[in-house]
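Close look at the chain arrangement
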Amino acid sequence: MINPPQIILGFDPGRLKCGVAVMGVNGKVFLHQVVPSEKAISTIQSLSQEYSTGLLVMGDQTTAKSWKKQLIEALPASVEIVMVDERYSSLEARDRYWEMYPPAGLSRLIPKGMREPPRPVDDIVAIVLIERYLKLQSR
């Protein structure tokens, strides 16, 4: 019997930028970052080696099919690629951003729904995708 992976790589594919995250099945986030699309494959390759992960979870929308094809060619066959439902993950990631980085000063007074994160949240989307995968596995 094969042991399930303890560390999962998350990937939010995009045309211009991509989100990448590395998370343990216990929910500990080791790394999350937004990378330019042209550096996504090499970033995933190095993170896959560095963290010895055998599972990549990615979103299933936009350009996902072509990304998955590229990843299959670029990663060792031992890395399983699983696609999960990506719908509404950006909205969820925006809310999560403010949980991870609570607003300070006067920006705390802006209603939650009107706050815009000061940076792209594609990396947090990658975290959300891993969590969705783990939730499906626990059913």
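Residues numbered from 1 in each chain as written. Predicted model: local features only at pLDDT ≥ 70, side-chain atom pairs only at ≥ 80, totals over all residues. Heavy atoms only, no water.

Moving on, we come to the packing of aromatic side chains. When we look at a pair of aromatic rings, we describe it by the centre distance and by the angle of the planes. For the structure on display, the rule yields four aromatic pairs. Here the aromatic rings of Phe-11 and Trp-67 are separated by 5.3 Å at their centres, their planes lie at 75°, and the arrangement is edge-to-face. Here Phe-11, found in strand 1 (residues 7–12), pairs with Trp-67, found in helix 2 (residues 64–74); they are 56 residues apart in sequence, far enough to count as distant. We note that Phe-11, like Trp-67, is buried. A centroid spacing of 5.0 Å and a plane angle of 40° characterise the contact between Tyr-97 and Tyr-101, whose relative ring orientation is tilted. Every member of this aromatic cluster is reached through a ring pair, and the members are Tyr-97, Trp-98 and Tyr-101. In this structure, Arg-115 is placed above the aromatic ring of Trp-98, and the distance from its NZ or CZ to the ring centre is 5.6 Å. (Phe/Tyr/Trp six-rings, centres within 6.5 Å; stacked < 30°, edge-to-face > 60°. Helix = DSSP H or I, 4+ residues; strand = E, 2+ residues; numbered from the N terminus. Buried < 20%, exposed > 50% of the residue type's maximum accessible area, 1.4 Å probe, protein only. Lys NZ or Arg CZ within 6 Å of the ring centre and 35° of its normal.)

The periodicity of an α-helix, 3.6 residues per turn, causes residues three or four positions apart to be oriented the same way. Taking 1.5 Å of rise per residue, the 16 residues of helix 4 (residues 122–137) would be expected to cover 22 Å, and the 23 Å separating its terminal C-alpha atoms lies within 8% of that figure. Most of helix 4 is tucked away, with 12 of its 16 residues classed as buried. For helix 4, the set of buried residues is Asp-122, Asp-123, Ile-124, Val-125, Ala-126, Ile-127, Val-128, Leu-129, Ile-130, Arg-132, Tyr-133 and Leu-134. Structurally, helix 4 contributes buried residues whose contacts are with strand 1, strand 2 (17–24), strand 3 (29–36), strand 4 (55–59), strand 5 (80–84) and helix 3 (89–100). (Expected span 1.5 Å × (residues − 1). Contact = heavy atoms within 4.5 Å.)

Turning our attention to the packing of helix 1 (residues 37–50) against helix 2. It is the contact of helix 1 with helix 2, at a shortest axis distance of 10 Å, that shows an interaxial angle of 40°. Relative to helix 2, the element helix 1 lies oblique. Crossing of helix 1 against helix 2: the hand is right-handed. When helix 1 is examined against helix 2, the residues Ser-37, Ala-40, Ile-41, Ile-44 and Gln-45 are found in contact with a partner set consisting of Trp-67, Gln-70, Leu-71 and Ala-74. Its residues assigned to classes, the contact of helix 1 with helix 2 comprises six nonpolar, three polar and no charged. (Axes fitted to C-alpha atoms, helices over the stretch in contact; angles between N-to-C directions. Parallel < 35°, antiparallel > 145°, perpendicular 65-115°, else oblique. Left-handed = near helix turned anticlockwise from the far one by under 90°. Nonpolar A, V, L, I, M, F, W, Y, C, P; charged D, E, K, R; others polar.)

What follows concerns the environment of Val-35. If you trace the backbone, Val-35 turns up in strand 3. Sequence separation of Val-35 and Gly-14 is 21 residues, and the distance between their C-alpha atoms is 9.9 Å. In this structure Val-35 touches Lys-17, Cys-18, Val-20, Ala-40 and Thr-43, once residues within four positions along its chain are discounted.

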